[in-house]
Amino acid sequence: MGRFFISNNEERRSIDLNLNKETGFHSKQTKTIAKTTIDVYKKRNIEHENVFVMDDDHFIFGTGTYIYKGSKGSSALKGILEDFKKGIPFLQDHVIGQFAIGIKWGSELYLFTDKYNVYEVFYQIDDSGRWSVSNAFYNLAQSSGSQTVIREKFLEEVFQVGIMGEETFLKGIKKLMGYQYILISNNSLIVEEIQYKKVSQDFSSFEECVSIYKDKVKEVFGEIKSAFGNDIVLDMTGGFDSRAIFSSFNAVDCKVRLAYGIGNTNITNTKEEDLNIVKQFAAKYDRDLHLMNWEHNYEFDKRYLEKQLKQYGIHYKIYGANSNYFKEYESRDPYPGLFVNGDFGENLKAREWLEEIPMNSITLKKIIKDYHLPLPVNKNTFTKKEYYEKYTSYLYDQLNKLVKKYNIKVENGKVSKDNFDELRQIFARSMDNKLVNFRNEFSYSLVPFGTTQLYEYMFNVPYEYRRNSRFQMALIKEMDESVMDIPIFSHTKEFKEPTFNAKKYIKGLLRSKMDNFYQYYYSFKHKNKETSKIEEEYRNYLETSTMVTKFLDAGSLFTERLVVRAALYTLLLENINADTIEEADKDTQ
């Protein structure tokens, strides 16, 4: 990122200073505006400048990754500051990356993120007028005193891997949305709205649709190359998403290095087939390949886990607090100037789930129950069946609210297949952004297809163009057709040219009539499998939680990923003095 912390309270600031000092953030600049203090920390592992001062009345800082007119760091910040008069929406449309930008203009400070808040910033204001803003959620929670947990939002964070909208699972701590900015004036924090507008794009054919996007991709990837040269590492797999990234860099003559992680459990879910394909890419294109050790024993060691939590904050949960995963970012030689991966590449294609839907539109309630809610989660997951109904109702209300905010076309409670992926991104923005936020603590990191300039265009692309990866494959071939000579291994299976899938179609027809049967069959199937040692140890810890077991039946949870994630979030609650729990109401949705 590195990190930043802004507050009008010295006690809160002191807590944050100590936490950052203990976890390796030493290099910082401090600015003040009246009684407000701004601490901006550099990234952990690279030398860079993230503050630019024009004069006493004008300065700018940035965290995350921001590229402006082909420049990064202080050069980019200087350009952004010079163009600030053009407005925050203009900058959100033209700065490439995922970032937070703070600008002092006269006696006021303005703070904003990328347009779709892929980069996360949090803030908290208490009843006495004390407030804080930071991109480090754990530090903000620790510095704000005792916490109240919002039950449904905690469940959403655990089950859905991210929360829709601005509320977090801690009452009073909110996420800054891309359609908002923070104004700090006269020692007060005010959240202002930005009128949300998305870019519309017309095209007369599939070929024209691909051609227009191809030019945009080349422009963005060219800007990334101008800022970083070849000092870029791509997390490669055998599938389409990272292949789209690789081919796009090839199209602008950027020779990225490759990396692949090798794990030993379902939590990392790495595959030999992926590794073999990545090796083929490295050999064919003569690229350096760094193989990362992601093996981990996953024994439940509370002392170790609390140490990781203190070091990495909320990011400690990535791949189940895997020590070797973190070591890969603590030191590497040479250390990459920029990390990229294929996250948000899913936006280039239609979801396979839609193949199971025989109709051309889907109700929002069906999307929540059959798509968004994981199959392992059902009425038995909760200590009271009414909690399940309240949870699914809460998810529906939250989705409905954000659909209106983003002007997504919904008629009679239904969204068309053409608009489904735009709606799905409401979920994805809070689910698929974990790695880019974490890695920005160490070096620069961005997700190219999550940048506003490439992300928004896809909302105009109809379902039939995206279906069966048609659009994504066409783009890859436009960028560098030679990458398609290497086998494809996508979604943990070998890719085959798509044909009409009668089995999926019939399954969709049956499932629409037999939702409960599918849920309970899935539960029965998995609960009667042999339970792993990992599941047992982490479930045993969950069952000791006097707070979480009030609403969550730990004994009914299954799959290693879900049990471990629930346990790690529960441990987080213990360590941030979360001592009460409340049900989400209309005001907190």
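Description of the structure in this document. (Residues numbered from 1 in each chain as written. Predicted model: local features only at pLDDT ≥ 70, side-chain atom pairs only at ≥ 80, totals over all residues. Heavy atoms only, no water.)

So, on to the sheet that holds strand β16 (residues 289-293). Ordered in space as β16-β15-β14-β17-β20, the 5 strands form an open sheet in which the pairing is parallel. Unpaired on one side and paired on the other, β16 and β20 (444-446) mark the two borders of the sheet. Ignoring strand direction, the axes of neighbouring strands in this sheet form an average angle of 25°. Direction of pairing for strand β17 (residues 338-340) relative to β20: parallel, over a ladder of 3 bridges. Bridging from a neighbouring strand, L338 pairs with Y444 of β20. (Pairing = 2+ DSSP bridges. Helix = DSSP H or I, 4+ residues; strand = E, 2+ residues; numbered from the N terminus. Axes fitted to C-alpha atoms, helices over the stretch in contact; angles between N-to-C directions.)

Right, let's talk about the pattern of salt bridges for a bit. Here the structure, examined in full by the defined rule, presents 42 salt bridges. Here E386 makes a salt bridge to K390, at a shortest N to O gap of 3.8 Å. Note that E386 and K390 are positioned in helix α12 (residues 385-405) at a spacing of 4 residues, about one turn of the helix. The class for E386 is partly exposed, based on a relative accessible area of 43%. Judged by its relative accessible area of 31%, K390 falls in the partly exposed class. Measuring nitrogen to oxygen at the nearest pair gives 3.9 Å for the salt bridge that ties K409 to E411. Take K409 and E411: they sit in the same class, and that class is exposed. (Salt bridge = Lys/Arg side-chain N within 4 Å of Asp/Glu carboxyl O. Buried < 20%, exposed > 50% of the residue type's maximum accessible area, 1.4 Å probe, protein only.)

A word on the sheet that holds strand β5 (residues 58-67). Pairing within the open sheet is antiparallel, and its 6 strands lie in the order β4-β5-β6-β7-β12-β13. Looking at which strands have only one partner, the edges of the open sheet turn out to be β4 (51-55) and β13 (188-193). This sheet shows a mean twist of 20° between the axes of neighbouring strands, independent of strand direction. Relative to β5, β4 is paired through 4 bridges, and the arrangement is antiparallel. Following the sheet pairing, D55 is matched in β5 by H58. With respect to the sheet, helix α2 (residues 73-82) is in contact with β4, β5 and β6 (96-105), its orientation differing from that of β5 by roughly 120°. Helix-sheet contacts for helix α6 (residues 206-228) involve β5 and β6, and the interaxial angle to β5 is about 110°. (Contact = heavy atoms within 4.5 Å.)

Our next topic: the side chain of Q147. Among the structural elements, Q147 can be located in strand β10 (residues 147-150). The class of Q147 is buried, set by a relative accessible area of 3%. Within the structure, the side chain of Q147 is placed 3.0 Å from the backbone oxygen of A141, a separation counted as a polar contact. From its side chain, Q147 meets the backbone oxygen of G145 in a polar contact 3.1 Å long. Among all residues touching Q147, those that are not within four sequence positions of it are A141, L170, K171, I173, I576, N577, A578, D579 and T580. (Polar contact = N/O pair within 3.5 Å; in protein donor to acceptor, adjacent residues only side chain to side chain.)

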